[in-house]
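# Per-entry structural report
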Amino acid sequence: MAETLPFTLLPPEEGRIELQAIPEARCCNLTNTIHGGWAMTMLDTAMSLAAQTTLAPGETCPSLETTAKFIRPISIHSGVMHVTGQVIARGRTIITLEGRIENADGKIHVHGTSSCMIVPCKA
């Protein structure tokens, strides 16, 4: 996905991930703002990667659901966007997460939540 919608992964912490991404004109919609699919993909990626930081060897965690609230538009002039994913709770079978897309000034553009199911990897 990083080739399709480029981003930079900053050093991860257990339960927390930050990506940096610059929205590109090719991702604009008809209103000349960045398409919501870009934001959803960035949130899903960050939250999924945050979940993966908590996994034991032999586990994987497909997304069960992901939601987003679009608070302010993102444009090609928004600059570097900071996309964070954070584990809120990790149970035996479900990981609950939250994600945010903020600009360099810390203003939130998109907020999301997700849950992932913990399952054993198949060989």
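Calculation notes
- Residues numbered from 1 in each chain as written.
- Predicted model: local features only at pLDDT ≥ 70, side-chain atom pairs only at ≥ 80, totals over all residues.
- Heavy atoms only, no water.
- Buried < 20%, exposed > 50% of the residue type's maximum accessible area, 1.4 Å probe, protein only.
- Helix = DSSP H or I, 4+ residues; strand = E, 2+ residues; numbered from the N terminus.
- Pairing = 2+ DSSP bridges.
- Contact = heavy atoms within 4.5 Å.
- Core = buried A, V, L, I, M, F, W, Y, C linked by side-chain atoms within 4.5 Å.
- Salt bridge = Lys/Arg side-chain N within 4 Å of Asp/Glu carboxyl O.

### Brief notes about the pairing of strand β7 (residues 108–117)
In terms of burial, β7 is largely enclosed, as 7 of its 10 residues are buried. For strand β4 (residues 63–70) and β7, the ladder comprises 7 bridges, and the chain directions are antiparallel. What sits directly across from Glu 65, in β7, is Ser 115. Pairing between strand β6 (residues 94–102) and β7: 9 bridges, direction antiparallel. Counterpart to Gly 99 in the pairing with β7 is Gly 112. Count of turn residues in the β6/β7 antiparallel hairpin: 5 residues, of which Gly 106 carries a positive phi of about 85°.

### Quick look at the side chain of Thr 84
Position of Thr 84 relative to the elements: it lies in strand β5 (residues 81–90). Exposure remark for Thr 84: the relative accessible area of 15% places this residue in the buried category. Those residues within four positions of Thr 84 in sequence are excluded, and the remaining contacts are Arg 16, Ile 17, Glu 18, Ala 46, Glu 98, Gly 99 and Arg 100.

### Some remarks on the nonpolar core
Core analysis: the biggest nonpolar cluster contains 28 residues, and Trp 38, Met 42, Ile 95, Leu 97 and Ile 101 have the highest contact counts within it. Secondary-structure elements contributing two or more residues to this core are β2 (16–21), α1 (36–52), β5, β6 and β7. Discounting chain neighbours no more than four positions away, the residues touching Leu 97 are Met 47, Ala 50, Ala 51, Gln 86, Val 87, Ile 88, Gly 112, Thr 113, Ser 114 and Cys 116.

### What to know about the pattern of salt bridges
Following the criterion strictly, the structure yields 3 salt bridges and no others. Arg 90 is paired through a salt bridge with Glu 59; the nearest N and O atoms lie 3.0 Å apart. Taken as a pair, Arg 90 in strand β5 and Glu 59 in strand β3 (residues 59–60) lie far apart in primary sequence, 31 residues in all. Look at Arg 90 and you get partly exposed, because its relative accessible area is 36%. Two residues, Glu 102 and Arg 100, come together in a salt bridge whose shortest N-O distance is 2.8 Å. Given a relative accessible area of 29%, Arg 100 falls into the partly exposed group.

### Points about unusual backbone geometry
A negative phi angle is the norm for most residues apart from glycine, just as the trans form is the norm for most peptide bonds. We note that Asn 32 has phi near 65°; this positive angle belongs to a residue other than glycine. For Asn 32, the position within the fold is in the loop between β2 and α1.

### Topic: the environment of Ile 17
Within the secondary structure layout, Ile 17 lies in strand β2. As a C-alpha pair, Ile 17 and Ser 48 span 31 residues in sequence and 9.1 Å in three-dimensional space. Not counting residues within four places of it along the chain, the set of residues in contact with Ile 17 comprises Leu 9, Pro 12, Ala 46, Leu 49, Ala 50, Thr 53, Val 83, Thr 84 and Gly 85.

### Overview of the sheet that holds strand β1 (residues 8–9)
An order of β1-β2-β5-β6-β7-β4 is seen for the 6 strands of this open sheet, with the pairing classed as antiparallel. The strands lining the two open edges of the sheet, one partner per strand, are β1 and β4. The sheet contact formed by β5 and β6 spans 8 bridges and is antiparallel. Bridge pairing in β6 links Ala 89 to Thr 96.

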